[in-house]
Amino acid sequence: GVTVYSGSELMVDNAVIAGNSIGPSSDGAPTIKAVAFASEGGVLSVTNASIHGNVVDAGAGTVQSGIIHDTNGSTSLTNVTITSNEVSGATVVATVNQGPNSYEYCNIHDQDEPAFASMTDPRGVTGNIDVEPGCVDVTATDPARWDLTLQEDSALRDQGHPSVSDTDGSRSDIGAYGGPAGETW
């Protein structure tokens with residue numbers, strides 16, 4: 001994953017983090033902060049991203065958080081879908097220790113529980129939902145062949161933050177292919 005340290009700021013827009021796996025190191029006892037992002041006093045902002053199908057297994061080691069880990073930092077997620085990630089031995093989605101965090105218009109679905117530690121589960125508030133994302137195809141065994149674009153009838157279409165628009169002027173879709181740059185890549 002990516003770590004943002006004190007005094008640093010990372011802004012991520014229109015990103016796919018999918019099909020990654022972290023397993024035990026040769027000594028069998030790693031400390032894994034997160035497969036996607038960790039903030040150690042820094043500022044992390046993620047907008048229009050899809051985090052799907054990642055696997056974390058620390059074996060005899062320690063997993064601090066599966067997807068997002070924040071210690072004394074500031075984390076903001078907007079229009080992000082976090083789905084079908086697997087973590088053994090830790091909180092699946094996010095652990096926040098003494099840092100402000102904001103999850104707005106995100107889809108958090110098909111996660112083991114507990115999904116959150118040291119913070120309130122954001123599902124059901126500030127536009128956050130828990131629905132099947134309706135991606136075109138995630139059945140291939142090779143994650144590079146997954147198509148995380150949304151089907152026409154996806155429940156994530158036009159459900160993003162009202163202040164963010166897609167290229168066609170409609171309200172943003174939730175996930176990597178929404179927002180002002182979503183259809184350009």
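Each chain has its residues counted from 1, following the order in which its sequence is written. Residues qualify for local features only when their pLDDT is at least 70, as the model is predicted, and side-chain atom pairs are given and counted only at 80 or more; totals for whole chains, interfaces and linings, by contrast, use all residues. Side-chain metrics rest on all non-hydrogen atoms present in the structure, leaving aside hydrogens and water.

Trainee: Honestly, the overall build of the protein in this entry has me stumped. Any pointers?
Mentor: Along the backbone of the protein there are zero helices and 17 strands. Relative accessibility under 20% of the residue-type maximum defines a buried residue, over 50% an exposed one, and the middle range a partly exposed one, all with a 1.4 Å probe and only protein chains included. Looking at the protein as a whole, 46% of its 185 residues qualify as buried. Excluding contacts between residues fewer than 6 apart, the proportion of contacts in the protein whose partners are at least 24 apart in sequence is 67%. Under the convention used here, a 1.4 Å probe and the Shrake-Rupley method define accessible areas, while residue burial counts only the protein chains that appear. Per element, the accessible surface of the protein, about 8300 Å² overall, is 47% carbon and sulfur. Numbering goes from the N terminus for both helices and strands, where a helix is a DSSP run of H or I of at least four residues and a strand is a run of E of at least two. Residues are treated as being in contact if the distance between any of their heavy atoms lies within 4.5 Å.

Trainee: In this structure, what is going on with the environment of S76? I would like to understand it.
Mentor: Tracing the backbone shows S76 in strand β10 (residues 74-83). The partly exposed category is assigned to S76, whose relative accessible area is 24%. C-alpha of S76 to C-alpha of L44: the two residues are 32 residues apart in sequence and 6.2 Å apart in space. Beyond its immediate stretch of four places on either side in the chain, S76 contacts L44, S45, V46 and S102.

Trainee: Explain the side chain of H52 here, please?
Mentor: Along the chain, H52 turns up in strand β6 (residues 43-52). Residue H52 is classed as buried on the basis of its relative accessible area of 8%. What H52 contacts, discounting residues up to four positions off in sequence, is I17, A18, G19, T83, S84, N85, V138, W146 and L148.

Trainee: Please explain a negative patch on the surface as it appears in this structure.
Mentor: For patch detection, residues must exceed 30% relative accessible area and be free of salt bridges, and they are connected within 9 Å for like charges or within 5 Å for nonpolar side chains (Val, Leu, Ile, Met, Phe, Trp, Tyr). Think of a salt bridge as a Lys or Arg side-chain nitrogen and an Asp or Glu carboxyl oxygen that are within 4 Å of each other. Positive: Lys, Arg. Negative: Asp, Glu. His and the chain ends are not part of the count. Taken as the charge centre is NZ of Lys, CZ of Arg, CG of Asp or CD of Glu, depending on the residue. A grouping of E86, D110, D112 and E132 is seen on the molecular surface, where their side chains present a negatively charged patch. Examined against the element boundaries, D110 turns out to sit in the loop between β14 (107-109) and β15 (116-117).

Trainee: Even after reading the chapter, I still don't get the pattern of salt bridges, so can you show me in this structure?
Mentor: A complete count under the given rule lists four salt bridges for this structure. With a shortest N-O distance of 3.7 Å, R123 and D130 are connected by a salt bridge. For D130, a relative accessible area of 39% corresponds to the partly exposed category. Ionic pairing is found between R157 and D173, a salt bridge with its closest N-O pair at 3.3 Å. Here R157 is found in the segment after β17 (147-150), whereas its partner D173 is found in the segment after β17, with 16 residues between them in sequence. Beyond isolated ion pairs, a larger network of salt bridges with shared partners links D121, R123 and D130.

Trainee: What exactly am I supposed to notice about the side chain of N128 here?
Mentor: Along the polypeptide, N128 turns up in the loop between β15 and β16 (135-137). Its relative accessible area of 4% is what places N128 among the buried residues. A polar side-chain atom of N128 sits 2.9 Å from the main-chain carbonyl oxygen of V125. Filtering out sequence-adjacent residues up to four positions away, N128 remains in contact with Y103, E104, Y105, C106, P122 and R123. Side-chain atoms alone can form a polar contact between residues adjacent in sequence; in general such a contact is a pair of N or O atoms within 3.5 Å, and within protein one must be able to donate a hydrogen while the other accepts it.

Trainee: Any chance you could explain the nonpolar core here in plain terms?
Mentor: Within soluble globular proteins, side chains that are nonpolar tend to cluster in buried spots. Grouping buried Ala, Val, Leu, Ile, Met, Phe, Trp, Tyr and Cys residues that are joined through side-chain atoms within 4.5 Å yields what is termed a nonpolar core. Formed by 21 residues in total, the largest nonpolar core has its most connected members in F37, V46, L77 and V80. Sorting the residues of this core by element identifies β2 (9-18), β6 and β10 as the ones contributing at least two each. When residues in this core are grouped by element, the largest group, four residues, is from β6.

Trainee: How should I be thinking about the sheet that holds strand β7 (residues 55-57) in this particular structure?
Mentor: In any sheet, the strands associate via hydrogen bonds between backbone groups, in a parallel or an antiparallel arrangement. Strand order across the open sheet formed by three strands is β3-β7-β11, with parallel pairing between neighbours. In the strand order of this sheet, the two ends are held by β3 (21-22) and β11 (86-88), each with one partner. DSSP-based pairing: two strands are paired if at least 2 bridges between them are found. Across two bridges, β3 lies against β7 in parallel orientation. Residue pairing in the sheet places S21 in a bridge with V55 of β7.

Trainee: Could you clarify how one ought to interpret the environment of T141 in this entry?
Mentor: Mapped onto the elements of the fold, T141 is located in the loop between β16 and β17. As for T141 and G19, which are separated by 122 residues in sequence, their C-alpha atoms are 9.5 Å apart.

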